[in-house]
Amino acid sequence: MALVDKVIWQIECHRDAPLSVASLSEACAVSVHHMCRAFQMATGQSVMAYARARRLSVAATEIADGADDILQVALSAGYGSHEAFTRAFMAYLGVLPSTVKQTRDLSTLSLMEPFEMQKDMIVDVAKPEIRDRGAFRVAGLGTTCKDHDISAIPSLWQGLNARAGEFEDLGPGYGVSYAMEGNGDFKYLAGMEARTPPAGMEVVEIPAHRYAIFTHRGHVADLPKTIYTIWNKALPDSELSPAPAPEFELYDQRFDVATGRGEIEVWIPVT
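Reading guide: rules and limits
Residues numbered from 1 in each chain as written. Predicted model: local features only at pLDDT ≥ 70, side-chain atom pairs only at ≥ 80, totals over all residues. Heavy atoms only, no water. Buried < 20%, exposed > 50% of the residue type's maximum accessible area, 1.4 Å probe, protein only. Helix = DSSP H or I, 4+ residues; strand = E, 2+ residues; numbered from the N terminus. Pairing = 2+ DSSP bridges. Phe/Tyr/Trp six-rings, centres within 6.5 Å; stacked < 30°, edge-to-face > 60°. Salt bridge = Lys/Arg side-chain N within 4 Å of Asp/Glu carboxyl O. Axes fitted to C-alpha atoms, helices over the stretch in contact; angles between N-to-C directions. Parallel < 35°, antiparallel > 145°, perpendicular 65-115°, else oblique. Contact = heavy atoms within 4.5 Å. Left-handed = near helix turned anticlockwise from the far one by under 90°. Nonpolar A, V, L, I, M, F, W, Y, C, P; charged D, E, K, R; others polar. Core = buried A, V, L, I, M, F, W, Y, C linked by side-chain atoms within 4.5 Å. Expected span 1.5 Å × (residues − 1).

J.: Before we go on, may I ask you to explain the pairing of strand 4 (residues 186-193) in this structure?
T.: Consecutive side chains along a regular strand alternate between the two faces of the sheet. Counting buried positions along strand 4 gives six out of eight residues, so the element sits mostly inside the fold. Here strand 2 (residues 136-145) pairs with strand 4 via eight bridges, running antiparallel. Of the residues in strand 4, the one forming a bridge with G142 is L189. As paired strands, strand 3 (residues 173-178) and strand 4 are joined by six bridges and run antiparallel to one another. Each residue of the ladder has a partner; that of V176, found in strand 4, is L189.

Spelled out as structure tokens, the structure:
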């Protein structure tokens, strides 16, 4: 079972019990960082945001179906009081629980249905190579990816290619993902290794670490499937625990920039 499927199963089976990222990660036998990163990549939202949305959606359905006591529904959804439940319900669904009880109408509400794993995103990924690497610096062009939106990344690489002559030495390209937030937002830098960064470029210091190195073969457009598989299946299957440190893609002479085809290494820091 893929990791995200395990997380969703735990949430669905324990909707009336206290939930936390710590308890969920323990139940799924992975680190909090691994679980949160995989879930965000699969669903575009944080684990706890999804859990809250599911609980409130189920609560709305129960109220519309004629539940007699809103307080009991609130307690079953993990809220300690009618007031706290009403605030959360209103913030998420834009309507009061009492209104849903009166109208018994959910047609205008955007309820969160159980997420189903995108089976077509799971592809064959070979076992990783484990390697240590010393600290280094990457300079380049960056952006903040919010709500799982990575549409700005290709233009970063186009801009970097246009400024490649500003680097002292032309080496491999690095696509660095770092500063991951609990809500799933993260920063991305398209760059090159540089002791002296070109003027005006952002810099990310990559610490010395041990890495699991996965290889993507094919077109760069299919790289998201490889990364999706790494976090949701390949890492759990290999029993490796990712560390909360920058991860990166490495583009060297095996990758043809003109065609977008070749081999790309995906370096995941592990403990």
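More follows now that the structure is in view.
J.: Even after reading the chapter, I still don't get the packing of aromatic side chains, so can you show me in this structure?
T.: Each aromatic ring pair is specified by the distance between its two centres and by the angle formed by the two planes. In total, this model carries eleven aromatic pairs according to the counting rule given. Ring geometry for F136 versus Y174: centroids 5.3 Å apart, planes at 45 degrees, classification tilted. You can see F136 sitting in strand 2 and its partner Y174 sitting in strand 3, a full 38 residues away along the chain. For the pair Y251 and F255, a centre-to-centre distance of 5.2 Å together with 70 degrees between the ring planes defines the contact as edge-to-face. The exposure classification of Y251 matches that of F255, with both residues buried.

J.: What's the story with the pattern of salt bridges in this structure? I'm lost.
T.: Any two side chains of opposite charge can pair, given that their charged atoms come close. In total, this model carries 13 salt bridges according to the counting rule given. The residue R163 makes a salt bridge to E166 at a minimum N-O spacing of 2.9 Å. The exposure class assigned to R163 is partly exposed, which follows from its relative accessible area of 25%. Ionic pairing is found between K233 and D237, a salt bridge with its closest N-O pair at 2.8 Å. Of this pair, K233 and D237 both sit in helix 9 (residues 223-238), four residues apart, which is roughly one turn of the helix.

J.: Would you take a moment to explain the packing of helix 1 (residues 3-13) against helix 3 (residues 32-43) for this structure?
T.: Axis angle and axis distance: for two packed helices, these are the angle between their axes and the distance between the axes, and together they describe the pair. Interaxial distance between helix 1 and helix 3 falls to 9 Å at its minimum, and their mutual angle equals 95 degrees. Put simply, helix 1 runs roughly perpendicular to helix 3. In this structure, helix 1 uses L3, V4, V7 and I8 to contact helix 3, whose residues at the interface are H34, M35, A38, F39, A42 and T43.

J.: Please clarify how the packing of helix 1 against helix 4 (residues 47-64) should be interpreted in this entry.
T.: Packing of helix 1 against helix 4 leaves a shortest axis separation of 10 Å and a crossing angle of 35 degrees. Relative to helix 4, the crossing made by helix 1 is right-handed. For the pair helix 1 and helix 4, contact is made by V7, I8, I11 and E12 and by V47, Y50, A51 and R54, respectively. The residue makeup of the contact of helix 1 with helix 4, split by class, is six nonpolar, no polar and two charged.

J.: What exactly am I supposed to notice about the nonpolar core here?
T.: Side chains of nonpolar character tend, in soluble globular proteins, to be buried together. Counting residues in each nonpolar core, the largest one holds 50 residues, and the members touching the most others are V7, I11, Y188, F214 and W231. Per-element accounting of this core gives the leading share, seven residues, to helix 9. Setting aside its immediate chain neighbours within four residues, F214 contacts V125, A126, P128, I230, A234, L235, I264, E265, V266 and I268. In terms of nonpolar packing, the next biggest core, distinct from the first, is built from 18 residues, A59, I70, A88 and V95 among them.

J.: Got a minute to help me understand helix 6 (residues 82-93) in this structure?
T.: An α-helix turns once per 3.6 residues; consequently, residues spaced three or four apart project the same way. Helix length check: helix 6, at twelve residues, gives a terminal C-alpha distance of 16 Å against a target of 16 Å (1.5 Å per residue), a fit within 8%. Every buried residue of helix 6 is accounted for by F85, T86, A88, F89 and L93. On its buried side, helix 6 packs onto helix 4, helix 5 (70-76) and helix 7 (97-103). A positive phi of about 75 degrees marks G94, the residue just after helix 6.

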